[in-house]
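Residue-level listing of the chains:
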Amino acid sequence: MATRPITRNTVIPGFGPALGYTVFYLSLVVLLPLSALAVKTASLTWGEFLATVAAPRVLASYRVTFGAALAAAAVNAVFGLLVAWVLVRYRLPGKRFIDALVDLPFALPTAVAGITLSSVYAANGWLGQFLEPRGITVAFTPVGIFVAMTFIGLPFVVRTVQPVLEELEEEIEEAAACLGATRWQTFRRVLFPELLPAVLTGFALAFARGVGEYGSIIFIAGNMPMVSEITPLLIITKLEQYDYAGATAIATVMLFFSFLMLLAVNLLQKWSRRHAA
């Protein structure tokens, strides 16, 4: 006797309509703008494309943007893990306030963040007045770009690692300690393999945010060509000069490298899960 397949009743419509809505929404929000970017870039010849994206000023902006974003994401991966660890595993006064403070870069307008950071790290600022006499110049230098990218990228790591830490039971650490493992061995062999995929995901999100950030950086960067000029600012400059094809060509290169970074991180996550299993 034939048996009827078991179906589940869900609030969301069936597979067909749900898939159609998903494809339509992604096409409208993601695929359509990317297609327009590719079409506008295709108006350039190959020689014009290379001359645009490989100009000395553009290459210098690549080094500043991707280098600062990579350094800031690496720092956030370390300290974001520490912040998430403290918020999950320790009881301390004002914990809720500190937890809410982590989300401040999300809520704060980027222009406000940039003005605040530049005023704090300027030569007469709260921190700059102590750093400048010691030869440490932050505002209006590439160091300022690194500081701004670190500021905006920290929440991505914390909020990605925090749920994973909350799911890890403390009994695992106690069992490792009972078996004679030191604290470092417990972290390296028991906890870190479980946290590594989340850390890599937060690293990728912080890196992507840093590469595409504009508002909080232009106020503290100095925007000196060949020194502290980020690629998004160069794209804006070309748009103001009505060089739309040149702007889209540079944006296409940034999009390509961002895809490569995300692909590498996804492969690392897949490897870490397989290694942990």
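What counts and what doesn't
Residues numbered from 1 in each chain as written. Predicted model: local features only at pLDDT ≥ 70, side-chain atom pairs only at ≥ 80, totals over all residues. Heavy atoms only, no water. Salt bridge = Lys/Arg side-chain N within 4 Å of Asp/Glu carboxyl O. Helix = DSSP H or I, 4+ residues; strand = E, 2+ residues; numbered from the N terminus. Buried < 20%, exposed > 50% of the residue type's maximum accessible area, 1.4 Å probe, protein only. Axes fitted to C-alpha atoms, helices over the stretch in contact; angles between N-to-C directions. Contact = heavy atoms within 4.5 Å. Nonpolar A, V, L, I, M, F, W, Y, C, P; charged D, E, K, R; others polar. Parallel < 35°, antiparallel > 145°, perpendicular 65-115°, else oblique. Left-handed = near helix turned anticlockwise from the far one by under 90°. Core = buried A, V, L, I, M, F, W, Y, C linked by side-chain atoms within 4.5 Å. pLDDT = per-residue confidence, 0-100. Polar contact = N/O pair within 3.5 Å; in protein donor to acceptor, adjacent residues only side chain to side chain. Phe/Tyr/Trp six-rings, centres within 6.5 Å; stacked < 30°, edge-to-face > 60°.

### A look at the pattern of salt bridges
1) Next: The final tally for this structure, using the stated rule, is 5 salt bridges.
2) Next: A salt bridge links R57 to E229; its shortest N-O distance comes to 2.6 Å. Residue R57 is located in helix α3 (residues 56–89), and its partner E229 is located in the loop between α11 (215–221) and α12 (231–240); the two are separated by 172 residues in the primary sequence.
3) Next: For R57, a relative accessible area of 35% puts it in the partly exposed group.
4) Next: In this structure E229 comes out as buried when scored by relative accessible area, which is 3%.
5) Next: D243 serves as the salt-bridge partner of K238, at 3.6 Å between the closest nitrogen and oxygen.

### What about the packing of α3 against α12?
Helices that pack against each other are described as a pair by the angle of their axes relative to one another and the distance between those axes.
1) Next: With their axes 8 Å apart at the nearest point, α3 and α12 run at an angle of 145° to one another. Contacts between α3 and α12 involve R57, V58, S61, Y62 and T65 on the former and, on the latter, T231, P232 and L234.
2) Next: Tallied by class, residues from the contact of α3 with α12 come to 4 nonpolar, 3 polar and 1 charged.

### A few points about unusual backbone geometry
1) Next: We note that F140 has phi near 65°; this positive angle belongs to a residue other than glycine.
2) Next: The class for F140 is partly exposed, based on a relative accessible area of 47%.

### Considering the packing of helix α8 (residues 142–167) against helix α10 (residues 183–212)
1) Next: Orientation of α8 relative to α10, taken along the N-to-C sense of each, is 155°, at an axis distance of 8 Å. Looking at the two axes, α8 sits roughly antiparallel to α10. Crossing of α8 over α10 shows right-handed handedness. Facing M149, I152, G153, F156, V157, T160, V161, V164 and L165 of α8, the residues of α10 in contact are E194, L195, A198, V199, T201, G202, F203, L205, A206, R209 and G210.
2) Next: Tallied by class, the residues present in the contact of α8 with α10 amount to 13 nonpolar, 5 polar and 2 charged.

### Quick word on the nonpolar core
1) Next: Core analysis: the biggest nonpolar cluster contains 59 residues, and I145, V161 and L165 have the highest contact counts within it.
2) Next: Of the residues forming this core, the biggest block, 14 residues, is contributed by α3.
3) Next: Those residues in contact with L165, other than ones at most four positions away along the chain, are A84, W85, V88, R89 and L195.

### Side note on the environment of P56
1) Next: With respect to the helices, strands and loops of the structure, P56 is situated in helix α3.
2) Next: Between the C-alpha atom of P56 and that of P225, which follows or precedes it by 169 residues, the distance is 9.9 Å.

### A word on the confidence of the model for the protein
1) Next: Of all residues in the protein, 93% have pLDDT values of 70 or greater, and the mean over the chain is 86.
2) Next: Predicted confidence in the protein is weakest over helix α9 (residues 170–178), with a mean pLDDT of 78, and strongest over α3, with 93.

### Topic: the side chain of T231
1) Next: In this structure, T231 sits in helix α12.
2) Next: Owing to a relative accessible area of 0%, T231 belongs among the buried residues under this scheme.
3) Next: In terms of polar contacts, T231 uses its side chain to reach the backbone carbonyl oxygen of S61, at 3.2 Å.
4) Next: Discounting residues that sit within four places of it in the chain, T231 has contacts with S61, Y62, T65, I250 and M254.

### Some remarks on α12
1) Next: For α12, a buried count of 7 out of 10 residues is recorded, marking the element as mostly surrounded by other parts of the structure.
2) Next: Listed in full, the buried residues belonging to α12 are T231, P232, L233, L234, I235, T237 and K238.
3) Next: Positive phi appears at Y242, one or two residues downstream of α12, with a value of about 60°.

### Concerning the packing of aromatic side chains
1) Next: A full pass over the atoms with the stated rule returns 9 aromatic pairs.
2) Next: For the pair F66 and F207, a centre-to-centre distance of 6.3 Å together with 40° between the ring planes defines the contact as tilted. With F66 in helix α3 and F207 in helix α10, the pair connects residues that are 141 residues apart, well separated along the chain. F207 shares its class with F66; the two are buried.
3) Next: Both rings, one in F256 and one in F257, keep their centres 5.6 Å apart while their planes meet at 70°; by these two values the pair is edge-to-face.
4) Next: Residue F256 is classed as partly exposed on the basis of its relative accessible area, which comes to 47%.
5) Next: One aromatic cluster is present, built from ring pairs that chain together Y62, F66, F207, F256 and F257.

### Overview of the side chain of R89
1) Next: With respect to the helices, strands and loops of the structure, R89 is situated in helix α3.
2) Next: Residue classification places R89 among the buried residues on the basis of a relative accessible area of 15%.
3) Next: Residue contacts for R89: discarding those within four places in its chain leaves L165, L168, E170 and E173.

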